[in-house]
Amino acid sequence: MVALTCENLSRSFWGKLVVDGVSLTLAPGEIYGLVGRNGAGKSTLLKMLAGYLAPSSGRVKICGEVLGPCQTSAHLGCLIEQPAVNPSLSAFQNVMVRALAQGLPNAKEATAEVVRAVGLDPALRDRAGRFSLGMKQRLGLALALVGEPQVLLLDEPFNGLDPEGVCLVRELLVNLAETRQVAVLISSHVLDQLDRMATRYGVIREGRLVCEVTTDQVAAECTDYLCVETPDAPRALAVLQQRWPAVAFTVMPDDAIRVGARGASETAPAVAGMEAPTAEEVGRVLLEANVSVSGLYTHSRDIEEYFVALMGGTAPVREEGKEGREGGGGNA
Amino acid sequence: MLRVLRADAYRLLHSRLWWILVAGLALYAFEGSNYFASGWYSEGVATFAEAARRHEVLELAMALLPIWFAWFFGSDLTNRTMRNVLVDAKGRRSYVLAAAVLVFGAIVAVMVALSVILALNLFRLGFTFSSEGAATFAQRLGALAVFATAYALVAMALTVIASKNAATWGIAGAALLTSTVLFSFARVAAFYLPAPLDRIADEMLTTYSLSGMASTLEGTGVVQPWWFVQAALIALLGVLVCSLILRRKELR
């Protein structure tokens, strides 16, 4: 059974479309990283999935149960935007309230278990109003985890956590996905953490889910490649293609030549069964052909750079007067 | 609904502020009865119902408890903690119904406890009352509890309507309602209406509004049976408004 499905989910505020026809599916045990720039519509999408906000159109299904607008499911655990913490109650009491509302038969044991799992047991009896941001975040996670939900919706779960907390939460989520087949949807800007746990990514841009990629695709896109800078790019390209006909060479917009890696939009491997040449080999061949080389280096493309490109580059987050949908490419 | 009620009752009973409020009311019932016994207030008092009416601890509870509950449920929106008790598809409706039951139950419980404190202390101070006024007292306590519940649910509707600072709106609304400021203001405004509308409006306000009924009860001590229906309808209206707005309200 599919853990979470949403079909053509849209939401507009005052006539402005904030989430535009998003459809996505999460299988049990999948960790789905939702990435996008500030204001892209991630939190709005999560709120609609959680039943905190009514969609303008579209449908949400959790573990086979179709949810009406502003309806939530017993299978859902959520941490969206800020942890929902009652400052006058202790950590234990906060979680206990949710456990009682869920009608758990062993509410006290279930509460103690999740509070321990998020590392809050030393502050079990302390009032939540005195908690630091990180401790509140842990409490928010405990609230999301109590009752063994089948689907977790987490918005910036690493926010405010110390390195130990980040590690603990990451391992906890991976463990839940692997052992209990919990489907986890995480919206986060902390890409290196997502990289360590996500099995699939969705990129949301101006309210639209513009692409979905697997971790294998991301890994392939983020491999290192050799880059040659030369004032005579066409000639250098001809020389290199003649010497290594089976290797892909791509002239970049700045006239640098990219060696042995796929182009920005390609998805198939560029070099089938053939090793890309080393920097020494490329340099030697170009020198022998009297092509001057101004730069020869290995370019590392990290996951951040990759997703920044997918999210729409580094242009201003909201351009004045731009209602544009032109950047979206539709759901992949 | 019962699960949400249990969760709400749990957090009410674990709230320090709640116990401070109840302790304050209990202290007033106790100390006030000492004062009552020593002064002219107690002259000619033959029934407990009359003693309780003159003591006014239940009226004080009727004024303060709605303010408390307006804060209690308003802060659920302010702190986003309403999310924690919405656990299934019927969550929002269950939340409102559980709130109404909790408010009424807690108000009755507190009023009964205050009455017991008052009765025990008056007995300790040498007052004995016949059982004649028991039914009158029970009616009076019931009417005040229903009025307080109606005030609390109207104030809760205000918290749900408010887009921001729900708790503040709830407290302000409940305070204006229970302090009869709004009632007095409306009566003054009615005075400026052209005749015969001024008289009709004033009569409507004093007869049918919660404050009007509470004021009559305070003055005469006589409970009209239809007041229960009237206050219950106002409480029901509060529940309906809460349910309708919460049905589609964004939980920020």
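Everything in this summary refers to the structure shown in the same document.

Quick notes on the rules
Residues numbered from 1 in each chain as written. Chains lettered and ligands numbered in written order. Predicted model: local features only at pLDDT ≥ 70, side-chain atom pairs only at ≥ 80, totals over all residues. Heavy atoms only, no water. Helix = DSSP H or I, 4+ residues; strand = E, 2+ residues; numbered from the N terminus. Contact = heavy atoms within 4.5 Å. Pairing = 2+ DSSP bridges. Axes fitted to C-alpha atoms, helices over the stretch in contact; angles between N-to-C directions. Polar contact = N/O pair within 3.5 Å; in protein donor to acceptor, adjacent residues only side chain to side chain. Buried < 20%, exposed > 50% of the residue type's maximum accessible area, 1.4 Å probe, protein only. Right-handed = clockwise from strand over helix to strand, strands pointing away. Buried area = accessible area lost by both parts, 1.4 Å probe. Salt bridge = Lys/Arg side-chain N within 4 Å of Asp/Glu carboxyl O. Nonpolar A, V, L, I, M, F, W, Y, C, P; charged D, E, K, R; others polar.

All names here are of chain A. Of note, M1 is situated in the segment before strand 1 (4–13). With 228 residues separating them along the chain, M1 and E229 place their C-alpha atoms 52 Å apart. Aside from chain neighbours lying at most four places away, what touches M1 is P28, C63 and G64.

What follows deals with the sheet that holds strand 4 (residues 57–62) of chain A. Residue and element names in this part refer to chain A. Strand order in the open sheet made by the four strands is 2-1-4-5, with antiparallel pairing throughout. Two strands bound the open sheet, and with one partner strand each, they are strand 2 (16–26) and strand 5 (65–67). The sheet shows a mean angle of 25 degrees between the axes of neighbouring strands, taken without regard to direction. In this structure, strand 1 lies alongside strand 2, joined through seven bridges in antiparallel fashion. What sits directly across from C6, in strand 2, is L24. Contacting strand 1, strand 2, strand 4 and strand 5, helix 1 (residues 42–50) crosses the sheet at an angle of about 120 degrees to strand 1.

Below, the discussion takes up the side chain of A:S187. Residues and elements named next belong to chain A. In this structure, S187 sits in strand 8 (residues 183–187). A polar atom in the side chain of S187 sits 3.3 Å from the side chain of D155. With residues near it in sequence (within four places) discarded, S187 still touches L34, K42, L46, L154, D155, E156 and P157.

In this section: the pairing of strand 8 of chain A. Successive residues of a regular strand alternate their side chains across the two faces of the sheet. All names here are of chain A. Strand 8 sits mainly inside the fold: five of its five residues count as buried. Alternating positions in strand 8 separate into two faces, A183, L185 and S187 on one and V184 and I186 on the other, with burial throughout. Regarding the hand of the β-α-β motif, the stretch spanning strand 7 (residues 151–155), helix 5 (residues 163–179) and strand 8 is right-handed.

The interface is formed by 32 residues belonging to chain A together with 24 residues belonging to chain B. Across the interface of chain A and chain B, roughly 2,700 Å² is buried in total on both sides, 54% from carbon and sulfur atoms. Its largest share of buried area at the contact with chain B, chain A owes to A:Y52, A:L100 and A:A101, together 23% of the area lost on that side. Taken together, the links from chain A to chain B amount to two salt bridges. Seen at the junction of chain A and chain B, the total is nine residue pairs in polar contact (both at pLDDT 80 or more). Broken down by element, the side of chain A that touches chain B gets its largest block of residues, seven residues, from helix 2 (residues 91–101) of chain A. Looking at the side of chain A that touches chain B residue by residue, the classes come out as 18 nonpolar, nine polar and five charged.

What follows deals with the sheet that holds strand 13 (residues 257–259) of chain A. In a beta sheet, neighbouring strands are held together by backbone hydrogen bonds and run either parallel or antiparallel to one another. Residues and elements named next belong to chain A. If you trace the four strands from one edge of the open sheet to the other, you get 12-13-11-14, paired in antiparallel fashion. Taken across any chain shown, the strands that pair with only one partner, and hence form the sheet edges, are strand 12 (249–251) and strand 14 (295–299). On average, each strand axis in the sheet is tilted by 25 degrees relative to the strand beside it, whichever way the strands run. Summarising the sheet, strand 12 and strand 13 pair through three bridges and their orientation is antiparallel. Bridge pairing in strand 13 links T250 to R258.

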